[in-house]
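Each chain, written out:
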Amino acid sequence: MSTTGALAPLRERNFRLYFSSRIVNLMGALMAPVALAFAVLQISDSPTALGVVLAAHSIPMVVFLLVGGVLADRFGRTLVIQTSNVVAGLSQLAIATLVITGEAQIWHVVLLTAVNGVAAAAALPALAGVLPQLVPRAQLQPANVLVSMAGGGLAVVGPTVSSLLVVGVGPGWALGVDGVTYLGAAALLSRIRLPRPVRAAGSSALVDLREGWTYFRTTPWLWVVVLAFSMICAVHQGGFFTLGPALAKGSALGERGWGLILSAEALGLLVAGLVLLRVRLERPLFWGMLGTAVYGAPLIALGLTDDLGIALLAALGAGAGIGVFELAWNLAMQENVPPDMLSRAFSYDALGSFAAIPLGQLLAGPLAVVFGLQRVMLVAGLLLTAVALLTLLSRSVRDLPREPQAQGAPVAPA
């Protein structure tokens, strides 16, 4: 793939606006995990409290994901993303204000984080399904890679900048930046013009949900990977994002070290993107699940040592691995799922993948109290890697091919 071909999606006006909105949004969103984690630990110095706050985001997100998929396929994906960004931005600004003024209590953060989770439930299926409407079908790989690289590039500096803000002026300011960028992204999305979806006469939300479920359960590669990710996401969110900040704060790593680990993972994602801009990814799910297996490396490393150098190398490899999976999964979905079903398929994907996350977040703290932080993280990393590799026993996963390379297909309909 030539450099010209790699940048071809940027010639599409709608994609440029979407791409710009994602950059603006990600500039703030990549600060949020570090800022929120240490904001909670500032209020209550407890991994269990952090797990409750994280679960307050993921539980409503899981509950409303299917509704989000139906909304996106019925009312238009950009409208749903725009509205969700406004709601998320206002909720983050409210948390930031409470933290900055010193008035924040855990129940405040739990409630507002739950509002953010509902917004995320609406946005995720729409974000996943909108790209085929913005570029010709032949440009799906470079378009996906460009979006991924934007995230990876910003994530290299985002967590580190956030950790510096946390140390320098407190976590509330980083959360405030996140809130403002949500609103900026919504403004950019308002300029995208796409045809409104056309629904069959007599179609209802319940019928839409049933159609989505039928497609999901009768597509083996889809449900096998989603089933695996139901455990992978729970283990990773509980082991890495719930226990990781607590381990860093109580060890030589510190807040700055934790920010560097997140940045190293983002750098790996960026490196993978640079390669995938030039290399066509064949048998996407085979390589994607191998990449996912490497995603457990930081958990294994932190479970064995608090050496920052080893943790950074593991995070770099994990970032590259998950970058390969993200592209592989997006291509598998965008090339194989009917356009008018795409957001609903992504919503069932997200529901299955995220359903067990609250369990992982809520159990991680108590398990760490009983067995120790590092021991729980080590077991989590080994389990994640094993589950990822087991998916390759399914022929539908390891042999799923790419769509034949097109010379210039039309933009997918809304």
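Residues numbered from 1 in each chain as written. Predicted model: local features only at pLDDT ≥ 70, side-chain atom pairs only at ≥ 80, totals over all residues. Heavy atoms only, no water.

As annotated in an unreviewed UniProt entry, the protein carries the name MFS family permease and is attributed to Nocardioides salarius.

Caption draft 1: The arrangement of the nonpolar core in detail. Counting residues in each nonpolar core, the largest one holds 68 residues, and the members touching the most others are Trp 221, Trp 258, Met 289, Leu 302, Trp 329 and Met 333. Broken down by element, the residue count for this core peaks at 14 residues, all from helix 10 (residues 220-249). With 32 residues, the next largest nonpolar core counts Ile 81, Ala 122, Val 145 and Leu 146 among its residues. (Core = buried A, V, L, I, M, F, W, Y, C linked by side-chain atoms within 4.5 Å. Buried < 20%, exposed > 50% of the residue type's maximum accessible area, 1.4 Å probe, protein only. Helix = DSSP H or I, 4+ residues; strand = E, 2+ residues; numbered from the N terminus.)

Caption draft 2: View of the pattern of salt bridges. Counting across every chain of the model gives 5 salt bridges. Measuring nitrogen to oxygen at the nearest pair gives 3.8 Å for the salt bridge that ties Asp 208 to Arg 344. Of this pair, Asp 208 sits in helix 9 (residues 205-217) while Arg 344 sits in helix 15 (residues 342-354), and the two are 136 residues apart along the sequence. For the pair Asp 208 and Arg 344, a shared accessibility class is recorded, and that class is buried. Between Arg 280 and Glu 282 there is a salt bridge, with its nearest N and O atoms 2.7 Å apart. Residue classification places Glu 282 among the partly exposed positions, given a relative accessible area of 40%. One network of salt bridges, in which partners are shared, links Asp 208, Glu 211 and Arg 344. (Salt bridge = Lys/Arg side-chain N within 4 Å of Asp/Glu carboxyl O.)

Caption draft 3: Seen up close, the packing of helix 4 (residues 47-75) against helix 6 (residues 106-130). Packing of helix 4 against helix 6 leaves a shortest axis separation of 6 Å and a crossing angle of 30°. With respect to helix 6, the axis of helix 4 lies roughly parallel. Relative to helix 6, the crossing made by helix 4 is right-handed. Here the contact of helix 4 with helix 6 is composed, by residue class, of 20 nonpolar, 6 polar and no charged. (Axes fitted to C-alpha atoms, helices over the stretch in contact; angles between N-to-C directions. Parallel < 35°, antiparallel > 145°, perpendicular 65-115°, else oblique. Left-handed = near helix turned anticlockwise from the far one by under 90°. Nonpolar A, V, L, I, M, F, W, Y, C, P; charged D, E, K, R; others polar.)

Caption draft 4: Region of the structure containing the packing of aromatic side chains. Per the stated rule, a full pass over the model turns up 10 aromatic pairs. Judged by centre distance (5.7 Å) and plane angle (75°), the rings of Trp 221 and Trp 329 are edge-to-face. Of the two residues, Trp 221 sits in helix 10 while Trp 329 sits in helix 14 (residues 308-336), which places them 108 residues apart along the sequence. Between Phe 286 and Trp 287, the aromatic rings sit 5.1 Å apart at their centres with planes inclined by 80°, giving edge-to-face as the arrangement. Pairwise contacts between aromatic rings join Trp 221, Phe 229, Phe 325 and Trp 329 into one cluster. (Phe/Tyr/Trp six-rings, centres within 6.5 Å; stacked < 30°, edge-to-face > 60°.)

Caption draft 5: Fine view of the packing of helix 10 against helix 17 (residues 373-390). At a minimum axis distance of 9 Å, the contact between helix 10 and helix 17 shows a crossing angle of 155°. In this view, helix 10 runs roughly antiparallel relative to helix 17, as classed from their interaxial angle. Classified by chirality, the crossing of helix 17 by helix 10 is left-handed. Residues Ala 228, Met 231, Ile 232, Val 235, His 236, Gly 239, Leu 243, Gly 244, Ala 246 and Leu 247 of helix 10 pack against Leu 373, Gln 374, Val 376, Met 377, Ala 380, Leu 383, Leu 384, Val 387 and Ala 388 of helix 17. For the contact of helix 10 with helix 17, a count of residues per class yields 15 nonpolar, 4 polar and no charged. (Contact = heavy atoms within 4.5 Å.)

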